[in-house]
Amino acid sequence: MDGGVRVRFAPSPTGFFHIGSARTALFNWLYAKHSGGKFILRIEDTDDERDRSEFLDVLMRGMRWLGIDWDEGPTVGGPCAPYFQSQRKEIYDERVEFLKKIGRAYEKDGAIYFKVSGEPQLIRDLIRGDVVRREEKDFVIVRSNGKPVFHLVNVIDDMLMRITHVIRGEDHLSNTSKHTELFGAFGVKPPLFAHIPLILKAHGPGKMSKRDSGALVEDYERDHFLPEAVRNYLCLLGWSPKEDREILPIGEIIRLFDIADVNKNNARFDEKKMAFFNGEYLRSLGADEFCRRSVEILGACGIDVAKFDGAYVCAALLLCQEKLRSLSELENFTEYFFRENFSRDAQALEKLRAKYDIGARLREFKVSFEALDTVDEKSVEEALRKLSSANGIPSGEYIHSVRFALSGRSVGPGFFGLVSVLGRDTVLARLDNFIGAEKM
Ligand code: GLU
């Protein structure tokens, strides 16, 4: 603890990791990184009715997924351990004794009250500016059941952990004069505060709650969002780089980020924008990285690509990269490259049948395809154009019919790429299969 910036994220157990909390963690982390300081994770678990271990798993998993690592806290330890408030009871008892001794705490009806000074409290807030509040009434710091109250433990820990900046949600601004009173009683200068604006739900008034779609970090992981995209989007909920750019590497965000630049106004959550960011990140992934992540996800969907040639796997995946908005679409987008029993869109087939004579188009295509020496994109395209003009049938009829026979879908990657990656044998086998089935 060398006098540098020390910030902390201090969640209370809830059982899920809300993106509002994630954003608070992220702003603390960004500020620590920006200023070369330390980021501390402290678990405010004095309320032991909730299941702590499950919460901790969800929380730490979500933070790690987002790439928000902590310098001190659970699993890594540090000079101010323990970092669980449930393990710090003696520390709090000692401080309450101190407050009693100096006449700033007293017992009433079994509870312990803090005696306020009644002086106006100056809150130095880097986002809101100076705020002055006065605490009129003494308040409880230890309940009659012996449990210390949030205000007390929060301040003691910020003091003992030498926190220099308290960056937290705006909903705590109204608590802060209690906190500065307590710091004053302990004879310690309060940290600087930064109360960050709330995140409003996508539509209508009110704060985003855990029930709102897109509110939980764990859902993004489940839906195979890219963590870098989610993190980039969260950075912009209440902050923006001056040059108006939105998608930027985390190193640059760290360089540009300053807590004083955080917006005073509430930020509105926009799920569509998050999805857009995800698509942008997805398309900008390098080929190797895209293939590596895709293979992992396909494996989890029961598609083991190991039995295919590596070049084939990559070619198939890269063909789809351009069209994907999210990796959650990956299985549906690519399964027919890896499964013979791929799903077929019955409705799309009905529509095609109503418009075209699919069987005739497939037979005609097959004849010209079979005659090709090589089945690269260009040759397939040339053959198809020729076929179409020779028969006076729009090329779309061939493309839609053949695409369906090969993939069971009416949408997908570029048609000529699809044919060329699947290759001669698979294409012919699938055409034959489909023609055979149509005849029955
Ligand atoms: N445990 C509090 C919360 O989750 C922490 C508040 C603070 O950061 O000071 O809201």
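Shown above is the structure to which this text applies.
Residues numbered from 1 in each chain as written. Predicted model: local features only at pLDDT ≥ 70, side-chain atom pairs only at ≥ 80, totals over all residues. Heavy atoms only, no water.

Asker: Is there a simple way to think about helix α7 (residues 227–235) in this case?
Answerer: Since the α-helix turns once every 3.6 residues, residues separated by three or four places project in the same direction. Counting buried residues in α7 gives eight out of nine residues, a clear majority hidden from the surface. Among the residues of α7, Pro227, Ala229, Val230, Arg231, Asn232, Tyr233, Leu234 and Cys235 are the ones counted as buried. (Buried < 20%, exposed > 50% of the residue type's maximum accessible area, 1.4 Å probe, protein only. Helix = DSSP H or I, 4+ residues; strand = E, 2+ residues; numbered from the N terminus.)

Asker: Where do I start with the pattern of salt bridges in this structure?
Answerer: Pairing is possible between side chains of opposite charge, provided their charged atoms come close. Overall, the coordinates contain 38 salt bridges when judged by the stated rule. Linking lysine 201 and aspartate 212 is a salt bridge whose minimum nitrogen-to-oxygen distance equals 3.8 Å. On the criterion of sequence distance, the pair formed by lysine 201 in the loop between β10 (199–200) and α6 (217–222) and aspartate 212 in the loop between β10 and α6 is long-range, its members being eleven residues apart. Judged by its relative accessible area of 25%, lysine 201 falls in the partly exposed class. Overlapping salt bridges, with partners in common, bring together Arg8, Arg42, Glu44, Arg88, Asp157 and Asp158 in one network. (Salt bridge = Lys/Arg side-chain N within 4 Å of Asp/Glu carboxyl O.)

Asker: Can you help me understand the site of the ligand in this one?
Answerer: In the vicinity of the ligand, the residues found are Arg8, Ala10, Pro11, Ser12, Glu44, Phe150, Asn154, Arg168 and His172. At 2.8 Å from a nitrogen atom of the ligand is found a main-chain nitrogen or oxygen belonging to alanine 10. Within the contact set of the ligand, a nitrogen atom lies 2.6 Å away from a side-chain nitrogen or oxygen of glutamate 44. About the coverage of the ligand: the protein hides 81% of its 300 Å² of free accessible area. The pocket occupied by the ligand, as judged from atoms lying within 2 Å of grid points, is the largest pocket. Of the residues belonging to the shell around the ligand, the class tally is three nonpolar, three polar and three charged. (Near = heavy atom within 4 Å. Polar contact = N/O pair within 3.5 Å; in protein donor to acceptor, adjacent residues only side chain to side chain. Areas by Shrake-Rupley, 256 points an atom, 1.4 Å probe, with all protein chains shown as cover. 1 Å grid on protein atoms, 1.4 Å probe; cavity = no way out; pocket = protein on both sides within 12 Å on 5 of 7 lines; lining within 4 Å. Sits in = over half its atoms within 2 Å of the grid points. Nonpolar A, V, L, I, M, F, W, Y, C, P; charged D, E, K, R; others polar.)

Asker: Sorry if this is basic, but what is going on with the packing of helix α14 (residues 358–370) against helix α17 (residues 415–439) here?
Answerer: Axis angle and axis distance: for two packed helices, these are the angle between their axes and the distance between the axes, and together they describe the pair. Viewed as axis vectors pointing N to C, α14 and α17 meet at an angle of 135°, and their least axial separation amounts to 10 Å. Between α14 and α17, the angle falls in the class oblique. In the crossing of α14 with α17, the sense of the turn from one axis to the other is left-handed. Taken together, the residues of α17 that come into contact with α14 (itself represented by Ile358, Leu362, Arg363, Phe365, Lys366, Phe369 and Glu370) are Val419, Arg424, Val427, Leu428, Leu431, Asp432, Phe434 and Ile435. Class assignment of the residues belonging to the contact of α14 with α17 gives a composition of ten nonpolar, no polar and five charged. (Axes fitted to C-alpha atoms, helices over the stretch in contact; angles between N-to-C directions. Parallel < 35°, antiparallel > 145°, perpendicular 65-115°, else oblique. Left-handed = near helix turned anticlockwise from the far one by under 90°. Contact = heavy atoms within 4.5 Å.)

Asker: Before we go on, may I ask you to explain the layout of surface pockets in this structure?
Answerer: Empty space among the atoms becomes apparent when a probe as large as a water molecule is rolled across them. Of the pockets and cavities examined, the largest pocket occupies roughly 1000 Å³. Surrounding the largest pocket, 42 residues form its lining, Pro11, Ser12, Ser21, Asp171 and His172 being those nearest its centre. Of all the elements in the fold, those that place two or more residues in the lining of the largest pocket are β1 (6–9), α1 (19–35), α2 (52–66), α4 (150–160) and β8 (165–169). The element that contributes the greatest number of residues to the lining of the largest pocket is α1, accounting for five residues. Of the residues assigned to the lining of the largest pocket, the class counts are 18 nonpolar, twelve polar and twelve charged. In this structure, the second largest pocket encloses a volume near 410 Å³. Around the second largest pocket sit 22 residues that line it, and Leu236, Gly238, Trp239, Ser240 and Asn263 are the ones nearest its centre. A breakdown of the residues in the lining of the second largest pocket according to their chemical character gives eight nonpolar, five polar and nine charged. (Points joined across faces, edges and corners; volume = space filled by probe spheres on them.)

Asker: How should the sheet that holds strand β7 (residues 139–142) be read in this particular structure?
Answerer: Sheet strands pair by backbone hydrogen bonding; their relative direction is either parallel or antiparallel. One open sheet holds the three strands; their spatial order is β3-β4-β7, and the pairing between them is antiparallel. Each edge of the open sheet is held by one strand with a lone partner, namely β3 (105–108) and β7. Direction aside, the axes of adjacent strands within the sheet are offset by 45° on average. Across four bridges, β3 lies against strand β4 (residues 111–114) in antiparallel orientation. Note that in β4 the partner of tyrosine 106 across the bridge is tyrosine 113. Set on the sheet, helix α3 (residues 89–101) makes contact with β3, β4 and β7; between it and β3 the angle comes to about 95°. (Pairing = 2+ DSSP bridges.)

Asker: When you look at α4 in this model, what are you seeing that I'm missing?
Answerer: Of all eleven residues in α4, nine are buried; the element is thus mostly enclosed. Among the residues of α4, those classed as buried are His151, Leu152, Val153, Asn154, Val155, Ile156, Asp157, Asp158 and Met159. Buried positions along α4 lie against β1, α3, β7, β8 and α5 (176–185).

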